[in-house]
Amino acid sequence: DKDLIRQMGASVGDEMLEIGSTLWLAPGMNIHRNPLCGRGFEYYSEDPVVTGETASNITMGVQYGAEAEPTEENYRGIGVTLKHYYGNQQETFRQFTNNNITERAVREIYLKAFQMTVENAKPAAIMTSYNLNQGVPAADDYDLCTVIPREEWGFDGVIMSDWNTTVPEDGSIPWVCVAAGNDIIMPGNPDDDKNIRDAYKEGKLTEKEIRLCADRILKLIRRLS
């Protein structure tokens, strides 16, 4: 029931406006693949199209209300964060799990719902997952953070990391997150700042790459103000 789902999203948005919250860290929309996944209760379906339709309508409800078209004129000044992008199919060791999935399966199953929601509902933000995909942490993956969502789907919002993804020694690398287009490292650690500054001084990271992330963050702040 798409109308009912959208009404639910609108109710979430009403509560956000009431308490002064501007960015909802949801919807969780990974595909049900493992019955032991500790976040399965948050996710919608084993079917990518059902998941995409559900997340699209939740997003439109939050950001634009129960009936308005998803346009900038109807934007309510609050946003959603699609997560966990992508392949978060388990909680145990999720910061170290590596998914080896064929591109066809990735496109047709694991990314399809994210694509549908970006194209249908214009979400404000996306959160990358802890896990690695094809050996690369999601927040460090240029194709995942820039090529696919921004160049292929037309996503114009902010991409943020899950919490403390840069803390483990073999986790995401702060300056690589920036270079990949993962705009915000949450919640932000002192070592992240130093790592980014050092990479810039050493020529690993360009001023343009830093400014691109900063610009998207500022645009989000203005959009949510």
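The structure displayed is predicted, hence computed values, not measured ones.

A. Examining the overall build of the protein more closely. Along the protein, the regular secondary structure elements total eight helices and seven strands. Radius of gyration (C-alpha) of the protein: 17 Å, near the 17 Å computed for a compact globule of 225 residues. If one aligns the C-alpha atoms of the protein with their principal axes, the spans along those axes are about 50 × 40 × 30 Å. Of the contacts made within the protein by residues no fewer than 6 positions apart, 72% connect residues no fewer than 24 positions apart. Summed over its atoms, the accessible surface of the protein is roughly 11100 Å², and 52% of this surface lies on carbon and sulfur atoms. Mean positive and mean negative side-chain charge positions of the protein (22 and 35 charges, respectively) differ by 4 Å.

B. Looking closely at the pattern of salt bridges. A complete count under the given rule lists 17 salt bridges for this structure. Here R94 makes a salt bridge to D162, at a shortest N to O gap of 3.7 Å. Of this pair, R94 sits in the loop between β2 (79–85) and β3 (98–99) while D162 sits in the loop between β7 (158–160) and α6 (174–180), and the two are 68 residues apart along the sequence. Residue classification places R94 among the buried positions, given a relative accessible area of 13%. Put simply, R39, E42, E91, R94 and D162 are held in one network by salt bridges that share partners.

C. Representation of the sheet that holds β3 within the structure. Spatially, β3-β5-β6 is the arrangement adopted by the three strands of the open sheet, whose pairing is mixed. One side of each edge strand has no neighbouring strand; the edge strands of this open sheet are β3 and β6 (136–137).

D. Spatial organisation of the environment of Q90. Along the chain, Q90 turns up in the loop between β2 and β3. Separated by 58 residues in sequence, Q90 and H32 have C-alpha atoms that sit 9.6 Å apart. Dropping the residues within four chain positions of it, Q90 is found in contact with N34, C37 and T97. Polar side-chain contacts of Q90 include one of 2.7 Å to the backbone oxygen of T92. Engagement of the side chain of Q90 in a polar contact is seen with the side chain of T97, the distance being 3.2 Å.

E. Molecular detail of the sheet that holds β7. Reading across from one edge, β1-β2-β4-β7 is the order of the four strands in this open sheet, with parallel pairing throughout. Both edges of this open sheet fall to β1 (23–24) and β7, since each of them pairs with a single strand only. Sheet topology places β1 next to β2; two bridges connect them, and they run parallel. Among the inter-strand pairings, L23 is bridged to a residue of β2, identified as G79.

F. Region of interest: the side chain of R216. Looking at the secondary structure, you find R216 in helix α8 (residues 207–224). Setting aside chain neighbours within four positions, we find R216 in contact with R150, G157, V158, G181 and D183.

G. Summary view of the nonpolar core. Core analysis: the biggest nonpolar cluster contains 27 residues, and L82, Y85, Y86, L111, F114, I126 and W153 have the highest contact counts within it. For this core, the secondary-structure elements that each account for two or more residues are α1 (2–19), α2 (48–64), β2, α3 (103–110), α4 (112–121) and α5 (142–152). Apart from the residues within four sequence positions on either side, W153 is in contact with Y85, L111, F114, Q115, V118, E119 and I148. Of all hydrophobic cores here, the second largest spans twelve residues; its members include M60, Y75, A124 and M127.

H. Broad picture of the packing of α2 against α4. Interhelical geometry of α2 versus α4 gives an angle of 35° and a closest axis separation of 8 Å. Like other packed secondary-structure pairs, α2 and α4 cross with a definite hand, here right-handed. Along the contact surface, α2 presents P48, V49, T51, G52, E53, A55, S56, T59, M60, Q63 and Y64, while α4 presents K112, A113, M116, T117, N120 and A121. For the contact of α2 with α4, a count of residues per class yields eight nonpolar, seven polar and two charged.

What counts and how
- Each chain carries its own residue numbering, running from 1 in the direction its sequence is written.
- Selection of residues for local features in this predicted model requires a pLDDT of at least 70, selection of side-chain atom pairs for listing and counting requires 80 or more, and totals for whole chains, interfaces and linings are taken over all residues.
- Side-chain metrics rest on all non-hydrogen atoms present in the structure, leaving aside hydrogens and water.
- Numbering goes from the N terminus for both helices and strands, where a helix is a DSSP run of H or I of at least four residues and a strand is a run of E of at least two.
- The quantity called the radius of gyration is restricted to C-alpha atoms. Its globule counterpart is 2.2 Å times the number of residues to the power 0.38.
- Should any heavy atoms of two residues lie within 4.5 Å, those residues are counted as being in contact.
- Accessible areas in this description were obtained via Shrake-Rupley with a 1.4 Å probe; residue shielding takes into account the shown protein chains only.
- Only four residue types enter the tally: Lys and Arg on the positive side, Asp and Glu on the negative side; His and the chain ends are excluded.
- Charged groups are reduced to one reference atom each: NZ for lysine, CZ for arginine, CG for aspartic acid, CD for glutamic acid.
- Any carboxyl oxygen of Asp or Glu that lies within 4 Å of a side-chain nitrogen of Lys or Arg is treated as forming a salt bridge with it.
- For every residue, the accessible area (1.4 Å probe, protein chains only) is compared with the maximum for its type, and the residue is labelled buried under 20%, exposed over 50%, or partly exposed between those bounds.
- Two strands form a pair only when DSSP identifies at least two bridges running between them.
- In protein, a polar contact means a hydrogen-donor-capable atom and an acceptor-capable atom, both N or O and within 3.5 Å, with residues adjacent in sequence counting only if both atoms are side-chain atoms; elsewhere, any N or O pair within 3.5 Å suffices.
- Each nonpolar core is a collection of buried residues, namely Ala, Val, Leu, Ile, Met, Phe, Trp, Tyr and Cys, held together in the definition by side-chain atoms within 4.5 Å.
- Each axis is a line fitted through C-alpha atoms, taken for helices only over the stretch in contact, and angles between the N-to-C directions span 0 to 180 degrees.
- Should the near helix be turned anticlockwise from the far one by less than a right angle, the crossing is termed left-handed; should it be turned clockwise, right-handed.
- Gly falls in the polar group here, along with every residue not listed as nonpolar (Ala, Val, Leu, Ile, Met, Phe, Trp, Tyr, Cys, Pro) or charged (Asp, Glu, Lys, Arg).

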